[in-house]
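Observations on the three-dimensional arrangement
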Amino acid sequence: MLENGDLSEFICLVRDHKEKVPNTVLWRFLLCLVRMCIAMAYPPASLPGNRNVPGPITETVPPEGLRAKWFKRMVHFDMDPKNIFVGDLMVGPEHRVTPILKLGDFGLAQEVRERMEGGYYERLRYIGKVGYYCPEQFCQDWDYIPENSKKTYKHPIAGNYGPHSNLWAAGYVMETLITLCYPAQPPHPTKTTRNPPRSKTEYLTYAAHLSQSLYSHVDPDLISVIFRLQAHSPADRPDLADLENYVLNRYPAGLRERNSATEWIQKVLYEPPPQRSSFDPAAAYAQIKVYRPALIPVPVLSSSSAEQGKGGVEEEIKRKKLPGLQDRRDLEVAPQNQNQEPPTPRPALARALAPIPLPIPPRLNPPVGELNRPRPTPGFQAPVGELNRPRPPPGSQGGSRNTAGSGRGRGGETRRPTRPPWRF
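Everything quoted here is computed from the prediction, not taken from an experiment.

It is worth spelling out the overall build of the chain at this point. Helix and strand counts for the chain come out as 13 helices and 8 strands. Per-residue burial for the chain yields a buried fraction of 41% across its 424 residues. Of the contacts formed within the chain by residues at least 6 apart in sequence, a portion of 69% connects residues at least 24 apart. Accessible surface computed for the chain: about 24,700 Å², of which carbon and sulfur atoms make up 52%.

Right under this line is the structure:
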């Protein structure tokens, strides 16, 4: 744990200050995330030029001739704001303006093996947090792969874990920094032509919702990078070397932008947020207007008109412009017969006899950290850090024979395994 907590606490501070993360900070945080992915693919301590060198070591992609020799197929499987920690400002060009980000909690990390049977890759589908699975885990292609197939490792998406899986997680973290919310669930792919990969004109991405006008303050080039990071196919995600060069050439800003970013970081991390306005449920309930249907007015007659008989009543009704006897006949109901079903009241009578609707109490948003977070509905985005995300109960999403843990129990009874909750 670093001095400024994890990234989810940082996002909560941004929300409490009612701020938005500036583009300069977003680009520099993206560079830190790219460095994390490079470190897992090419561990810097194992490279020849970095041996016996005191840290910190800047992670970078080695020359092209050495990449195949030192490449590691390491996947974190738990890369989210809870496991990314925020440090302090450091000496150096990359962390002089914004604090350093460090990745932790490698308890679920796996160095994926090559040419294994299908059951090995199927078991890796369930590693990680619900809501942060990558397409290699939740894609529908798993339903068409035979159980324990020996050719699963050749599939372009299902079970194709690698550095591109870490890039998918980095795209999810960048989306969280922009929206200040959890990633949208379930993830919905959209075909786009924005920043397509080489030799393609369109591809599927899960970040198309970031192109809304709500996020118009974000650099469009940064949005295009996140589009590629959240591509459905691993082949459509950017290469580590190309992504590093692009971000290094794009993120530097002018002196004014750097000073503004440093002041913003100091404000969010070290200044108290503004006091929240107190919420009074009783006052909010009293402001609700109760709908009451209009009632038919009852004619009020003077004593002189009442003494004159029927003619005086009709003249009084006409003079005061009140509904007369002919207008009120629709309120009458014919006498009921025991051998017949009761007649249906006329529309006017039904409206007059309709019960007065009661006021609907306001929906109270729970304060931060007081209630458990409910399961997200499709398209729902919940604020980061406010409520806990419970795991779905076992078996709530059904299962198929192509999931991990499938088999037969005692007596030949087939067990019904679970499957990841979100599928494309």
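A few words now on the packing of aromatic side chains. All told, the structure shown has 11 aromatic pairs when counted by the stated rule. When the ring of Phe10 is compared with that of Trp264, the centres are 6.0 Å apart and the planes differ by 70°; the resulting orientation is edge-to-face. Taken as a pair, Phe10 in helix α1 (residues 7-16) and Trp264 in helix α9 (residues 255-270) lie far apart in primary sequence, 254 residues in all. In this structure, Phe10 and Trp264 share a single accessibility class: buried. Taking 5.6 Å as the distance between ring centres and 70° as the angle between the ring planes, the aromatic pair formed by Phe77 and Tyr161 counts as edge-to-face. Here Phe77, found in the loop between β1 (74-75) and β2 (84-86), pairs with Tyr161, found in the loop between α5 (135-138) and α6 (163-179); they are 84 residues apart in sequence, far enough to count as distant. Here the two residues Phe77 and Tyr161 agree in accessibility, since each one is buried. Every member of this aromatic cluster is reached through a ring pair, and the members are Tyr132, Phe138, Trp168, Tyr172 and Tyr206.

Our next topic: the nonpolar core. Membership of the largest hydrophobic core comes to 58 residues, with the highest contact counts inside it found for Leu7, Phe10, Leu30, Met79 and Ile84. Secondary structure elements with two or more residues in this core: α1, α2 (23-41), β2, β3 (101-103), α6, α7 (220-229), α8 (240-250) and α9. Examining the composition of this core, we find that 14 residues originate from one element, α2, more than from any other. Leaving out residues up to four positions away in the same chain, Phe10 has contacts with Phe29, Val86, Trp264, Ile265, Val268 and Leu269. In this structure, Phe77, Tyr120, Trp142 and Tyr161 belong to the second largest nonpolar core, which totals 13 residues.

Here we come to α7. Where burial is concerned, most of α7 is hidden: 8 out of the 10 residues are buried. Leu222, Ile223, Ser224, Val225, Ile226, Phe227, Arg228 and Leu229 are the residues of α7 that are buried. Residues of α7 that are buried make contact with α2, α6, β5 (190-192), β6 (203-205) and α8.

This next bit is on the layout of surface pockets. Approximately 510 Å³ is the volume found for the second largest pocket. What lines the second largest pocket is a set of 21 residues, and nearest its centre among them are Ile57, Glu59, His95, Ile100 and Leu101. Broken down by secondary-structure element, the contributors of at least two residues to the lining of the second largest pocket are α2 and β3. Of all the elements, α2 adds the most residues to the lining of the second largest pocket, at 6 residues.

Quick look at α2 now. Between the first and last C-alpha of α2 there are 27 Å, a value that for 19 residues agrees with the 27 Å anticipated at 1.5 Å per step. In terms of burial, α2 is a largely internal element, 17 of the 19 residues being buried.

Next up on the list: empty space enclosed by the protein. All told, the structure shown has 1 cavity of 30 Å³ or more when counted by the stated rule. Every residue lining the largest cavity is counted, 16 residues in all, and those nearest its centre are Phe77, Asp78, Tyr132, Gln137 and Ala169. Looking at the lining of the largest cavity, the element that brings in the most residues is α6, giving 4 residues. When grouped by side-chain class, the residues that make up the lining of the largest cavity number 9 nonpolar, 4 polar and 3 charged.

Calculation rules
- Residues numbered from 1 in each chain as written.
- Predicted model: local features only at pLDDT ≥ 70, side-chain atom pairs only at ≥ 80, totals over all residues.
- Heavy atoms only, no water.
- Helix = DSSP H or I, 4+ residues; strand = E, 2+ residues; numbered from the N terminus.
- Buried < 20%, exposed > 50% of the residue type's maximum accessible area, 1.4 Å probe, protein only.
- Contact = heavy atoms within 4.5 Å.
- Areas by Shrake-Rupley, 256 points an atom, 1.4 Å probe, with all protein chains shown as cover.
- Phe/Tyr/Trp six-rings, centres within 6.5 Å; stacked < 30°, edge-to-face > 60°.
- Core = buried A, V, L, I, M, F, W, Y, C linked by side-chain atoms within 4.5 Å.
- 1 Å grid on protein atoms, 1.4 Å probe; cavity = no way out; pocket = protein on both sides within 12 Å on 5 of 7 lines; lining within 4 Å.
- Points joined across faces, edges and corners; volume = space filled by probe spheres on them.
- Expected span 1.5 Å × (residues − 1).
- Nonpolar A, V, L, I, M, F, W, Y, C, P; charged D, E, K, R; others polar.

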